[in-house]
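Per-entry structural report
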Amino acid sequence: EILGVSQDATQEEIKNNLKKISKSSHPDVNPSSQSDAFMKNVNIAYETLGDEDKRRQYDSELDES
């Protein structure tokens, strides 16, 4: 959700959305107090979805909910 991709998004779609978000919301570009916290959440989301094993685990946890 944070990265703006669907659950069946490809790795390339995830990476492209990360780049778009980084260009517009990075604290160096957008120095608001909230952009730093937002980018930390974006990075956590990318670390999870960018790794195939972590993504499978995350998806299986979503399915169990």
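Provided above is the structure to which this section pertains.
The structure presented is a predicted model; accordingly, all values stated were derived computationally and were not measured. (Residues numbered from 1 in each chain as written. Predicted model: local features only at pLDDT ≥ 70, side-chain atom pairs only at ≥ 80, totals over all residues. Heavy atoms only, no water.)

1. Looking at the overall build of the protein
Scanning the protein from N- to C-terminus turns up three helices and zero strands. Secondary structure of the protein in N-to-C order comes out as α-α-α. In terms of principal-axis extent, the alpha carbons of the protein reach across some 40 × 25 × 15 Å. Taken over 65 residues, the protein has a buried fraction of 23%. For the protein, contacts bridging at least 24 residues in sequence account for 49% of all contacts bridging at least 6. As presented, the protein carries roughly 4,900 Å² of accessible surface, and 47% of it is formed by carbon and sulfur atoms. Looking at the protein, you have 8 positive and 14 negative side-chain charges, and the mean spots of the two groups are 8 Å apart. (Helix = DSSP H or I, 4+ residues; strand = E, 2+ residues; numbered from the N terminus. Buried < 20%, exposed > 50% of the residue type's maximum accessible area, 1.4 Å probe, protein only. Contact = heavy atoms within 4.5 Å. Areas by Shrake-Rupley, 256 points an atom, 1.4 Å probe, with all protein chains shown as cover. Lys, Arg positive; Asp, Glu negative; His and termini not counted. Charge placed at Lys NZ, Arg CZ, Asp CG, Glu CD.)

2. Re the layout of surface pockets
Empty space among the atoms becomes apparent when a probe as large as a water molecule is rolled across them. Estimates place the volume of the largest pocket at around 260 Å³. Taken together, 14 residues line the largest pocket, and the ones lying closest to its centre are Glu1, Val5, Leu49, Tyr58 and Leu62. Sorting the residues of the lining of the largest pocket by element identifies helix H2 (33-49) and helix H3 (52-64) as the ones contributing at least two each. Of the residues belonging to the lining of the largest pocket, the class tally is eight nonpolar, three polar and three charged. (1 Å grid on protein atoms, 1.4 Å probe; cavity = no way out; pocket = protein on both sides within 12 Å on 5 of 7 lines; lining within 4 Å. Points joined across faces, edges and corners; volume = space filled by probe spheres on them. Nonpolar A, V, L, I, M, F, W, Y, C, P; charged D, E, K, R; others polar.)

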